[in-house]
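What the coordinates show
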Amino acid sequence: AVAAGRSGTLIAYAAVPWCLHLARRVAGLGGSISGDPVTRTPEVVEHPANASRLSLLARLVLVVAVAGAFSPAAALVAAMSVVVFAVGGWVAGGNGRATGILVAAAVVAVTGAFVLDLPWSMNLVGEGGWTSVVGVAGGASRGWGVWRVLRFGIGPSPLGGLALFSYLPLMV
């Protein structure tokens, strides 16, 4: 999709890293990579001051709003990426407060983007709203089974089943 130059994919590809970085900073995870003044402490979580957190949250809302103005699906992908990042950190033993802040930041970002994109975003609510976000359904079903999807649709190769081993790290 990126190679084909589909605009929605390119917008999501551009917005998601920024959203993850800003949400990470809102939650106080990790240090600065851009030279921002951050007080170093022995803890991994460095909660920013309220004014700094509000500024970072406003930037996050703005990134999601701009992405959502051009591709509503990209805004949802960005917010879902932040939630997956938060849940993944929590499952790996991360700070519960930071996880809550990340999820709250994703909700605030989508809500703020919806408000900033008014009145256009009202087209996404009501009948046909989901189609506006994800697009029109394709033609007839391709008839792909679960086996072909799990093999990534490699084709009739006898080694196609080896693609299933790529799921092994997810199971462990």
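Higher on the page you've got the structure.
Predicted model only: the values in this text are computed from it and were never measured.

**A few points about unusual backbone geometry**
- Residue Pro119 is reached from Leu118 by a cis peptide bond, and omega for that bond is 0°.
- Mapped onto the secondary structure, Pro119 falls in the loop between helix H4 (96-116) and helix H5 (129-134).

**Digging into the nonpolar core**
- Cys19, Val26, Ala27, Leu60, Val64, Val82 and Leu102 are the most contacted members of the largest nonpolar core, which totals 25 residues.
- Elements represented by at least two residues in this core include exactly helix H1 (7-27), helix H2 (50-70), helix H3 (72-91) and H4.
- With sequence-adjacent residues up to four places away left out, Val26 is seen in contact with Pro48, Arg53, Leu56, Leu57, Ile101 and Ala105.

**Looking at the packing of H1 against H3**
- The N-to-C vectors of H1 and H3 enclose an angle of 35°; their axes lie 8 Å apart at closest approach. As H1 packs across H3, the resulting crossing turns out to be right-handed. Judged by residue contacts, Gly8, Ile11, Ala12, Val16, Cys19, Leu20, Ala23 and Arg24 of H1 engage Ala74, Val77, Ala78, Ser81, Val82 and Phe85 from H3.
- Partitioned by chemical class, the residues of the contact of H1 with H3 number 11 nonpolar, two polar and one charged.

**What about the packing of H1 against H2?**
- The contact between H1 and H2 brings their axes to 9 Å, and the two run at 165°. Between H1 and H2, the interaxial angle falls into the category roughly antiparallel. Crossing hand, H1 versus H2: left-handed. Residues Ile11, Ala15, Trp18, Cys19, Leu22, Ala23, Arg25, Val26 and Ala27 of H1 form the contact with H2, whose participating residues are Arg53, Leu56, Leu57, Arg59, Leu60, Val63, Val64, Ala67 and Phe70.
- Residue composition of the contact of H1 with H2, by class: 15 nonpolar, no polar and three charged.

The rules we used
- Residues numbered from 1 in each chain as written.
- Predicted model: local features only at pLDDT ≥ 70, side-chain atom pairs only at ≥ 80, totals over all residues.
- Heavy atoms only, no water.
- Helix = DSSP H or I, 4+ residues; strand = E, 2+ residues; numbered from the N terminus.
- Core = buried A, V, L, I, M, F, W, Y, C linked by side-chain atoms within 4.5 Å.
- Buried < 20%, exposed > 50% of the residue type's maximum accessible area, 1.4 Å probe, protein only.
- Contact = heavy atoms within 4.5 Å.
- Axes fitted to C-alpha atoms, helices over the stretch in contact; angles between N-to-C directions.
- Left-handed = near helix turned anticlockwise from the far one by under 90°.
- Nonpolar A, V, L, I, M, F, W, Y, C, P; charged D, E, K, R; others polar.
- Parallel < 35°, antiparallel > 145°, perpendicular 65-115°, else oblique.

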